[in-house]
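Structural features, examined
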Amino acid sequence: MDPAGLAGRSWGDPARSADLIFIHANGFNGLTYRGLLEPLKGDWRVQAPDLRGHGRTTLPTRPENRANWNDMRGDLVALLESLEGPPVVLAGHSMGATLALLAAARVPDRVRSLVMLDPVILTRTASTAMRLPGGWKLARRHPWAVAALRRRHRFPDREAAFQSYRGRGSFKGWPDAVLADYVEDGFRPTPDGEVELACAPAWESSNYSAQSNDPWGALGRVGRPVHILKAGQGSTCSVTARDAGRHPGLVVETLEDGTHFFPMMMPDAARAVLIQALEARASAAS
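Our subject in this report is the structure included herewith. (Residues numbered from 1 in each chain as written. Predicted model: local features only at pLDDT ≥ 70, side-chain atom pairs only at ≥ 80, totals over all residues. Heavy atoms only, no water.)

**Details of the pattern of salt bridges**
Following the criterion strictly, the structure yields 15 salt bridges and no others. Note that Lys41 and Glu38 form a salt bridge whose closest N and O atoms lie 3.9 Å from each other. With a relative accessible area of 28%, Glu38 lands in the partly exposed category. Beyond isolated ion pairs, a larger network of salt bridges with shared partners links Arg9, Arg56 and Asp185. (Salt bridge = Lys/Arg side-chain N within 4 Å of Asp/Glu carboxyl O. Buried < 20%, exposed > 50% of the residue type's maximum accessible area, 1.4 Å probe, protein only.)

So this is what it looks like as structure tokens:
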């Protein structure tokens with residue numbers, strides 16, 4: 001998909017420069033969001049890259065003693081710098097939303113605006129603590145980081161993986177079509193004929209624990225319109241509507257009935273925010 005070596009999926013006219021770049025959550029892949037993004041293809045060109053250690057991307061990973069997401073942020077910066085055409089709408093979900101912000105703060109001239117769907121942003125106090133020497137190591141005890149290490153990583157085939165996940169854990173309530181898309185690019189064949197997770201458990205766990213990032217600082221530096229849509233139930237985002245007064249161009253809304261996985265289960269609501277940003281981009285260019 002780009003000189004940095006990121007694979008992924010895209011929708012829309014391939015002759016058109018990218019309008020929207022969408023970054024997936026930890027452990028997932030670009031194809032997981034087909035139900036959200038594919039309906040945009042009639043009017044816009046959409047790219048959904050697979051982050052390092054995910055999906056079809058085969059860049060090397062080093063999960064040991066990994067304190068932050070600088071490696072994946074660098075990949076996204078390289079992608080943005082490689083794009084032709086006017087600045088894009090940069091969006092994402094969960095970790096992907098936060099990575100979008102971190103990358104945009106590095107190359108704001110390549111970004112028109114940001115849409116962040118329930119980003120992972122700790123409180124200011126916790127975020128500061130994670131950036132202290134060794135502070136990020138505390139996050140290795142987080143239940144999500146621990147649980148990721150225990151994930152079953154091999155199945156006889158994709159159908160077995162689909163049936164194992166269906167209606168369980170984080171996948172509870174997901175439409176079958178969305179789960180099937182996740183499984184399609186979320187597993188790779190093994191030499192013995194089985195399939196294994198494209199995102200290795202150790203890498204997924206390291207993404208949960210590598211919290212020595214500075215999203216609050218990036219929010220202050222990015223200088224672009226930012227629209228955050230938070231989950232009303234179990235949100236991972238500590239930014240509130242009160243913070244909008246400190247950051248011109250920031251809009252924070254809450255999807256009251258949405259869980260952290262509302263982009264999968266409530267795609268119409270998430271897509272409406274993306275369309276709003278894309279239409280604003282088009283208006284600014286005209």
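**A short note on the nonpolar core**
Ranked by size, the top nonpolar core spans 43 residues in total, and within it Leu90 and Leu114 carry the most contacts. Counting only elements with at least two residues in this core, the list comes to strand S2 (20-23), helix H2 (70-82), strand S4 (88-93), helix H3 (95-106), strand S5 (111-117), helix H9 (215-221), strand S9 (226-231) and strand S10 (250-255). The contact partners of Leu114, leaving out residues within four places of it in the chain, are Leu90, Ala100, Leu101, Ala104, Val222, Pro225, Val226 and His227. (Core = buried A, V, L, I, M, F, W, Y, C linked by side-chain atoms within 4.5 Å. Helix = DSSP H or I, 4+ residues; strand = E, 2+ residues; numbered from the N terminus. Contact = heavy atoms within 4.5 Å.)

**Quick notes on the sheet that holds strand S7 (residues 187-189)**
Read from one edge to the other, the open sheet built from three strands follows the order S6-S8-S7, with strand pairing classed as antiparallel. Edge positions in the open sheet fall to strand S6 (154-155) and S7, since each of these has one partner strand only. Both S7 and strand S8 (residues 195-197) contribute to a ladder of three bridges, which runs antiparallel. Bridge pairing in S8 places Pro189 opposite Val195. Strand contacts of helix H7 (residues 176-186): S7 and S8, with the helix running at about 45° to S7, the strand carrying the most contacts. (Pairing = 2+ DSSP bridges. Axes fitted to C-alpha atoms, helices over the stretch in contact; angles between N-to-C directions.)

**Focus on the packing of aromatic side chains**
This model, assessed by the stated rule, comprises 14 aromatic pairs. Where Tyr165 meets Phe187, the ring centres are 6.2 Å apart and the plane angle is 35°; that geometry is what we call tilted. Of the two residues, Tyr165 sits in helix H6 (residues 158-165) while Phe187 sits in strand S7, which places them 22 residues apart along the sequence. Side by side, Tyr165 and Phe187 carry an identical accessibility label, which is buried. Of the aromatic side chains, those joined through ring pairs into one cluster are Phe28, Phe155, Tyr165, Phe171, Trp174, Tyr182, Phe187 and Phe261. Directly above the ring of Trp203 sits Arg66, whose terminal nitrogen or CZ lies 3.8 Å from the centroid. (Phe/Tyr/Trp six-rings, centres within 6.5 Å; stacked < 30°, edge-to-face > 60°. Lys NZ or Arg CZ within 6 Å of the ring centre and 35° of its normal.)

**Topic: the pairing of S2**
Every second residue of S2 is oriented toward a common face, with Leu20 and Phe22 on one face and Ile21 and Ile23 on the other, all of them buried. In terms of strand pairing, S2 meets strand S3 (residues 46-49) through two bridges, oriented parallel. Bridge pairing links Leu20 to Val46 in S3. As judged from the four bridges shared by S2 and S4, these two strands associate in the parallel manner. Bridge pairing in S4 links Leu20 to Val89.

Don't take any of this as a statement about function, it's just geometry.
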